[in-house]
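What follows is each chain in one-letter form.
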Amino acid sequence: MRVIQGNLLGGGNRSVEITVADGLIKEIVAIEYDSSLSYITPGLVDLQVNGYMNIDFNNEPLSPEEWRTITRELSKNGVTTFYPTIITNSIINLQRIFEGNLESLKKEPDVLKYIGGFHLEGPYLSDEDGPRGAHDREFIKKPDWEEFKLLQQKAEGLIKIITLSPEWEESEAFIQNAAKSGVKVAIGHTASTTDQIKKAVQSGATFSTHLGNGAHLQLPRHPNYIWDQLAEEKLWATVIADGYHLPENVLRVIKEVKKDKMVLISDSVALAGMPAGDYQTAVGGEVTLTQEGRLHLKGNPALLAGSAQSLWESIQQYVDNGIGSMIDAIRRGSVLPSDLMGLPQKEGLSIGAPADLLKIRVDDGGWKIESVYKYGERVSSCLP
């Protein structure tokens, strides 16, 4: 048994005592209000993490120690569940990456507790400049279900999300098969028509990956694939709210249209969490990371080279820019992504839910993470 005390964020002057047993919340009892206590919230769930602290999921399979390091560093930033994201590559390399990672993860059961599954972003994307983003055109291809089943076999069923473009003729059948198998299909890096997006949703696609990014620099007023995805009521949307990928007004519009179906993600690359400076990367080449956390091509500040902020940092940007309150931001980075993925963490702070918790406080005018719990255990004791 473990007892964790804290104040409820957005709950007025209310303090609670949460009893945890076997990793689950067993009891929540109101106690006398104590203003000195930190706020207690659900842990963060990040659906798209390409890398962190100079560790990249897309070069080679990670060693057990690298898995421990990246999990430890993400958890320090409030992430209690994440989806390592593998991007477009040759099918042979993708098999090798999944197979090697599974070998490492089997040796690290404490790390596996943090992983909701893999997110495969590609290779079934648009091959057009703009929508393709930084994905290598050489490996872009049409959806192939038999091929995907081979990748899923190497991943031992852990691919839980696949981002694709429904502009391929084979997309509908692929989406139907993926949905039936329990894999969430997301629309992203696409140049699809209105009809193609509509058919993708009808076939089982459930959300848009980083809506508003991975797109042409210029689009027709209407129709275009951003409007089309906004208009699909069944379609959730993930967004990067790091202050650089989407303007405030675009975030406000997506929030108003999607309401509880807008989810915050980091889409962080390997340089997230690293000091400011110039770096050489496998995908972007020479890049610059500024003190403010903006990652751009070296010598060309206008061209972003990926997201270099954690989900917690994006949540703070979301709040600081007035898009929503801290309770709204935490919800969009914890309970709502869990709901989208069907995780038990969707229950948040309720009896029977996993005790994946944060304690946060306001310090020197800003929000800080005080402690993180995974299944009721403090991160420091869970990942020594």
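Look a little higher up for the structure.
On a predicted model such as this, the values are computed, not experimentally measured, just so you know. (Residues numbered from 1 in each chain as written. Predicted model: local features only at pLDDT ≥ 70, side-chain atom pairs only at ≥ 80, totals over all residues. Heavy atoms only, no water.)

A. How the structure looks around unusual backbone geometry. Note that the residue after Gly122, namely Pro123, is joined by a cis bond; omega there is 0°. Take Pro123: it is sitting in the loop between strand S9 (118-121) and helix H4 (145-154). In this model, His222 is joined to Pro223 through a cis peptide bond whose omega is -5°. Position of Pro223 among the secondary structure elements: in the loop between strand S12 (207-208) and helix H7 (225-231). For Asp22, which is not glycine, the phi dihedral falls at a positive 55°. Its location among the elements puts Asp22 in the loop between strand S2 (15-21) and strand S3 (24-31). (Helix = DSSP H or I, 4+ residues; strand = E, 2+ residues; numbered from the N terminus.)

B. View of the pairing of strand S19 (residues 357-363). Relative to S19, strand S4 (residues 39-42) runs antiparallel, the two being bridged by four bridges. Residue pairing across strands places Thr41 opposite Leu358, the latter belonging to S19. Where S19 folds back on strand S20 (residues 366-374), the antiparallel hairpin that results is connected by two residues, among which Asp364 adopts a positive phi of roughly 55°. (Pairing = 2+ DSSP bridges.)

C. Up close: the pattern of salt bridges. Summed over the entire model, instances satisfying the criterion amount to 22 salt bridges. The partner of Asp110 in a salt bridge is Lys113, with the nearest N and O atoms 3.5 Å apart. Here Asp110 falls in the partly exposed class, since its relative accessible area comes to 26%. When salt bridges that share partners are traced, they join Asp129, Arg132 and Arg137 into one network. (Salt bridge = Lys/Arg side-chain N within 4 Å of Asp/Glu carboxyl O. Buried < 20%, exposed > 50% of the residue type's maximum accessible area, 1.4 Å probe, protein only.)

D. Quick peek at the sheet that holds S3. In spatial order, the strands read S3-S2-S1-S4-S19-S20-S21; together these seven strands make up an open sheet with mixed pairing. The open sheet has two free edges, formed respectively by S3 and strand S21 (377-378), since each of these has just one partner strand. Bridge analysis of S19 against S20 gives seven bridges, and the strand direction is antiparallel. In the strand pairing of S20, Val362 is matched with Trp367.

E. View of the sheet that holds strand S16 (residues 285-289). Reading across the sheet, the four strands line up as S15-S16-S17-S18 and stay open at both edges, with antiparallel pairing between neighbours. Here the strands that pair on one side only, and so sit at the sheet edges, are strand S15 (277-281) and strand S18 (300-307). Strand-to-strand twist in this sheet, taken as the mean axis angle between neighbours without regard to direction, amounts to 40°. Taken together, the five bridges between S15 and S16 define a ladder with antiparallel strand orientation. Across the sheet, residue Asp278 finds its bridge partner in S16, namely Thr288. (Axes fitted to C-alpha atoms, helices over the stretch in contact; angles between N-to-C directions.)

F. Structural context of the environment of Glu27. Its location among the elements puts Glu27 in strand S3. You can call Glu27 partly exposed: its relative accessible area is 41%. Note: C-alpha distance between Glu27 and Val250 (223 residues apart in sequence) is 40 Å.

G. Representation of helix H6 (residues 194-203) in the model. What H6 keeps buried is the set Ile197, Ala200, Val201 and Ser203. Angular distribution of buried residues about the axis of H6 spans 160°; they occupy a single face of the element. Two residues or fewer after H6 comes Gly204, characterised by a positive phi angle close to 130°. (Arc of directions from axis to C-beta.)

H. Inspection of the packing of aromatic side chains at higher detail. Tallying each qualifying case throughout the model produces eight aromatic pairs. Seen in terms of ring centroids, Trp145 and Phe174 are 5.4 Å apart; in terms of plane orientation they differ by 80°. Their pairing is edge-to-face. With Trp145 in helix H4 and Phe174 in helix H5 (residues 171-180), this residue pair connects regions lying 29 residues apart in the sequence. Note on Trp145: relative accessible area 19%, which makes it buried. The exposure class assigned to Phe174 is buried, which follows from its relative accessible area of 2%. Put simply, the rings of Phe57, Trp67, Phe98 and Phe118 pair up and form one aromatic cluster. Here the guanidinium or amino end of Lys374 rests over the ring plane of Tyr114, the centre of that ring lying 5.4 Å away. The ring centre of Tyr375 lies 4.6 Å from the NZ or CZ of Lys374, which sits over that ring. (Phe/Tyr/Trp six-rings, centres within 6.5 Å; stacked < 30°, edge-to-face > 60°. Lys NZ or Arg CZ within 6 Å of the ring centre and 35° of its normal.)

Worth remembering: the numbers are spatial, not functional.
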